[in-house]
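Observations on the three-dimensional arrangement
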Amino acid sequence: MEQRKRITLNDIAQLSGVSKTTVSMILNGQADQFRIKAETCDKVREIAKQYGYRANANAKALKQLRSNVIGLVIPDLTNYGFASTAKTLERLCRENGLQLVIACSDDNPVQEKMAIDRLLDRQIDVLVTAPTHQDPNYYKSILKHVPILLIDRYVPNLALCHIISADTPKIAEVVQQTAERYQLSEYYYFGGLLSLSPSQSRLAGFRQGLQKANLSETSGWILHKDYQSESGYHMLQQVVEQLGRLPEAIFTASYTLLEGVLRYLTEHKLMDKLLNRELHLATFDDHHLLNALPFHIHSIKQNHEQIAHEIFATIRQKLQGKKPENVTVECEVIWRDHENAHKM
């Protein structure tokens, strides 16, 4: 195919018989400010439309010292929570003249670095990431190029603004009340990478819940891999092999891990254990599909709408050169044992 030449401001100026400066003022919405005649504006805009003129984003960014592009790196594009946050954040950016570019780290430090490098190549104005690195020096090196906002997680010994969920107290509440309500003698915990801050805070909540329920933790109750669905599957497989049966109760530290647990139960024809309440499940994070199941899985719902709004508000502060504060967003416990929910 023959490549068409991109029309420039100079070309439009020649075709319309006015100066390049006048064309620029009209196409940048400054015609009223400089009292340019309406017929001149109409003529310039018609020529620009006829020849498919589009502003050079790189040149405009260089002139304004801003690209109006925000970079977002999340661990998993299929994770319902991150996807919900990203969807709302993209809308907020779009409605306010910003473009959100989303990349995935797969919870892999190497992949996160590659994604960030590509975003830096695009001259982003702010980087928003769920960090996989625990080395503060890595993020300090990025700060030389662009402001950073951390979401869902924070990095120890690094004074960077972060937005997280208040997970610990709600997890403690769920674990305590389910342990007491069902008179549990054992309670297993499936978590992600322990080096990550949310893994540590969620495990702390689980242990607080056991303590409040006077349930002494036994060796082997705590398992960690990553937050992928496959890990939930394999952790349950490991527990069943060790016990020779299903455990009494499991708390999964993410909805993705719960997916793996449910897949194991389905493949091994053990779903009736949930129906008969021989196995009790609870999870951090929520999905509307849990309301449609014939058994009860209690969950802790993050406020992804509020998280997205807090992220956007912080982005605007950073674009204005301000120093925003850290934000912690409250969670909500969703009890699904309907006949006893009011007692819990």
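Because the structure is a prediction, the values reported are computed rather than measured.

A few words now on the environment of L196. Tracing the backbone shows L196 in the loop between β6 (188–191) and α9 (197–212). Taking the C-alpha atoms as reference points, L196 and V155, separated by 41 residues in sequence, lie 8.1 Å from one another. Excluding residues that lie within four positions of it along the chain, L196 makes contacts with D107, P131, T132, Q134, R153 and Y227.

The next subject is the pattern of salt bridges. Side chains that differ in sign of charge can pair as their charged atoms come close. Enumeration over the complete set of coordinates arrives at 15 salt bridges. Taking the shortest distance from any N to any O, the salt bridge between D107 and R153 comes out at 2.8 Å. Remark: R153 occurs in the loop between β4 (148–151) and β5 (162–165) and D107 occurs in the loop between β2 (99–104) and α6 (109–121); sequence separation between them is 46 residues. Like D107, the residue R153 is buried in the burial classification. The partner of R207 in a salt bridge is E217, with the nearest N and O atoms 2.9 Å apart. One end of the pair, R207, is in helix α9; the other, E217, is in the loop between α9 and β7 (222–224), with 10 residues separating them in the sequence. Residue class for R207 comes out partly exposed when judged on its relative accessible area of 38%.

This part is about the packing of aromatic side chains. Per the stated rule, a full pass over the model turns up seven aromatic pairs. A centroid spacing of 5.5 Å and a plane angle of 90° characterise the contact between Y187 and F206, whose relative ring orientation is edge-to-face. Taken as a pair, Y187 in the loop between α8 (167–181) and β6 and F206 in helix α9 lie far apart in primary sequence, 19 residues in all. The pair Y187 / F206 is uniform in exposure class, with both members buried. Measuring from centroid to centroid gives 6.2 Å for Y189 and F251, while their planes differ by 10°, and the two rings are stacked. Placement of the pair is Y189 in strand β6 and F251 in strand β8 (residues 249–252), with a sequence separation of 62 residues. No difference in accessibility class separates Y189 from F251, as the two residues are buried. A network of ring pairs unites the aromatic residues Y187, Y189, F206 and F251 as a single cluster.

For the rest of this paragraph, the subject is the pairing of strand β10 (residues 297–302). Most of β10 is tucked away, with five of its six residues classed as buried. Across four bridges, strand β9 (residues 280–284) lies against β10 in parallel orientation. Counterpart to F284 in the pairing with β10 is I300. Where β10 lies against strand β12 (residues 331–334), four bridges are found, and the strand directions are antiparallel. When the sheet's bridge partners are listed, S299 is paired in β12 with I334.

As for its position among the elements, K140 is in helix α7 (residues 136–143). According to the relative accessible area criterion, K140 is partly exposed, its value standing at 41%. Taking the C-alpha atoms as reference points, K140 and A159, separated by 19 residues in sequence, lie 9.6 Å from one another.

As a further point, take the environment of R91. Along the chain, the position of R91 falls in helix α5 (residues 80–95). Spatially, the C-alpha atom of R91 lies 23 Å from that of P131, the residues being 40 residues apart in sequence. In this structure, R91 is in contact with E305 and H309, ignoring residues within four places of it in sequence.

The next point concerns the packing of α8 against α9. Their axes nearest at 7 Å, the elements α8 and α9 cross at an angle of 35°. Where α8 crosses over α9, the handedness of that crossing is right-handed. Touching D167, T168, I171, A172, V175, Q176 and E180 of α8 are P198, S201, R202, A204, G205, F206, Q208, G209, L210 and K212, all from α9. For the contact of α8 with α9, the class distribution of residues is seven nonpolar, six polar and four charged.

Strands sit in the order β2-β1-β3-β4-β5-β11 across an open sheet of six strands; the sheet is parallel. Every other strand in the sheet has two partners, leaving β2 and β11 (327–329) as the edge strands with one partner each. Strand-to-strand, the axes of this sheet are offset by a mean angle of 15°, without reference to chain direction. Here strand β1 (residues 69–74) pairs with strand β3 (residues 126–129) via four bridges, running parallel. Paired with G71 across the bridge in β3 is L127.

For the rest of this paragraph, the subject is helix α3 (residues 38–50). Its 13 residues place the ends of α3 18 Å apart at the C-alpha level, agreeing with the 18 Å of an ideal helix rising 1.5 Å per residue. When α3 is considered as a whole, its buried residues turn out to be C41, V44, I47 and A48. Looking straight down α3, one finds that the buried residues subtend no more than 135° of arc, so they occupy a single side. Turned more than 90 degrees off the buried face of α3, the exposed positions are E39, D42, K49 and Q50. Close packing links the buried residues of α3 with α1 (9–16) and α2 (20–27). The first or second residue beyond α3 is G52, which carries a positive phi of 65°.

About the thresholds
- Residues numbered from 1 in each chain as written.
- Predicted model: local features only at pLDDT ≥ 70, side-chain atom pairs only at ≥ 80, totals over all residues.
- Heavy atoms only, no water.
- Helix = DSSP H or I, 4+ residues; strand = E, 2+ residues; numbered from the N terminus.
- Contact = heavy atoms within 4.5 Å.
- Salt bridge = Lys/Arg side-chain N within 4 Å of Asp/Glu carboxyl O.
- Buried < 20%, exposed > 50% of the residue type's maximum accessible area, 1.4 Å probe, protein only.
- Phe/Tyr/Trp six-rings, centres within 6.5 Å; stacked < 30°, edge-to-face > 60°.
- Pairing = 2+ DSSP bridges.
- Axes fitted to C-alpha atoms, helices over the stretch in contact; angles between N-to-C directions.
- Left-handed = near helix turned anticlockwise from the far one by under 90°.
- Nonpolar A, V, L, I, M, F, W, Y, C, P; charged D, E, K, R; others polar.
- Expected span 1.5 Å × (residues − 1).
- Arc of directions from axis to C-beta.

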